[in-house]
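Letter by letter, the chains look like this.
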Amino acid sequence: MPKPIRMGRRTWVAAWAVLCVAGLAATAGLKSASAPDPQLERPVSAECREFIAGVKTQLDKAEQEGGDGILAFSRGQVSTVCTDELRNLFRGER
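Scoring rules and cut-offs
Residues numbered from 1 in each chain as written. Predicted model: local features only at pLDDT ≥ 70, side-chain atom pairs only at ≥ 80, totals over all residues. Heavy atoms only, no water. Helix = DSSP H or I, 4+ residues; strand = E, 2+ residues; numbered from the N terminus. Buried < 20%, exposed > 50% of the residue type's maximum accessible area, 1.4 Å probe, protein only. Contact = heavy atoms within 4.5 Å. Areas by Shrake-Rupley, 256 points an atom, 1.4 Å probe, with all protein chains shown as cover. Expected span 1.5 Å × (residues − 1). Arc of directions from axis to C-beta. Patch = residues over 30% accessible without salt bridge, like charges linked within 9 Å, V, L, I, M, F, W, Y side chains within 5 Å. Salt bridge = Lys/Arg side-chain N within 4 Å of Asp/Glu carboxyl O. Axes fitted to C-alpha atoms, helices over the stretch in contact; angles between N-to-C directions. Parallel < 35°, antiparallel > 145°, perpendicular 65-115°, else oblique. Left-handed = near helix turned anticlockwise from the far one by under 90°. Nonpolar A, V, L, I, M, F, W, Y, C, P; charged D, E, K, R; others polar. pLDDT = per-residue confidence, 0-100.

**Considering the overall build of the protein**
Then, in step 1: Secondary structure summary: the protein contains 4 helices and 0 strands in total.
Then, in step 2: Starting at the N terminus, the α and β elements of the protein follow one another as α-α-α-α.
Then, in step 3: Looking at the 94 residues of the protein, the share that counts as buried comes to 9%.
Then, in step 4: Within the protein, contacts between residues at least 6 apart in sequence are counted, and of these 73% link residues at least 24 apart.
Then, in step 5: Entry remark: accessible area of the protein is about 8,800 Å², with carbon and sulfur atoms responsible for 58%.

**Some points on helix α1 (residues 9–33)**
Then, in step 1: Between the first and last C-alpha of α1 there are 36 Å, a value that for 25 residues agrees with the 36 Å anticipated at 1.5 Å per step.
Then, in step 2: Little of α1 is tucked away, with 0 of its 25 residues classed as buried.

**Looking at helix α4 (residues 83–91)**
Then, in step 1: Taken together, the buried positions of α4 are occupied by E85, L86 and L89. Mapping the buried residues of α4 onto a view down its axis gives an arc of 100 degrees, with all of them on the same face.
Then, in step 2: Looking one or two residues beyond α4, the residue adopting positive phi is G92, at roughly 100 degrees.

**Some words on a nonpolar patch on the surface**
Then, in step 1: A cluster of nonpolar side chains, namely I5, M7, W12, W16 and L19, defines an oily patch on the protein surface of about 650 Å² accessible area.
Then, in step 2: Examined against the element boundaries, W16 turns out to sit in helix α1.
Then, in step 3: For W16, a relative accessible area of 53% corresponds to the exposed category.

**Concerning the packing of helix α2 (residues 46–65) against α4**
Then, in step 1: It is the contact of α2 with α4, at a shortest axis distance of 10 Å, that shows an interaxial angle of 30 degrees. Between α2 and α4, the interaxial angle falls into the category roughly parallel. Considering the relative orientation of α2 and α4, their crossing is right-handed. On α4, the residues touching C48, F51, I52, V55, K56 and L59 of α2 are E85, L86, L89 and F90.
Then, in step 2: Residues that form the contact of α2 with α4 fall into these classes: 8 nonpolar, no polar and 2 charged.

**Digging into the confidence of the model for the protein**
Then, in step 1: This prediction gives the protein a mean pLDDT of 78; 73% of its residues lie at or above 70.
Then, in step 2: Of all the helices and strands in the protein, helix α3 (residues 77–81) carries the lowest mean pLDDT, 62, while α1 carries the highest, 92.

Following this line, the structure appears as structure tokens:
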């Protein structure tokens, strides 16, 4: 039976270091390849800007009056068109 090749500690440490560096490089490459593209802001229509400005003034007015923080809005055609902008407003992305 042939004897197995003996490897010193330095060789094992070097082999593990090479494997770790290769793994880190592969992970970094995969993360950068799968990163989503930054979404471009789409233009907001003038109708939505006016509606959102009105909502902001109502929120500021309610905040100054010290109310309970509840506002009611009716569903109109503008509010259904501007749903993304309203979500951004209420998420804090003013």
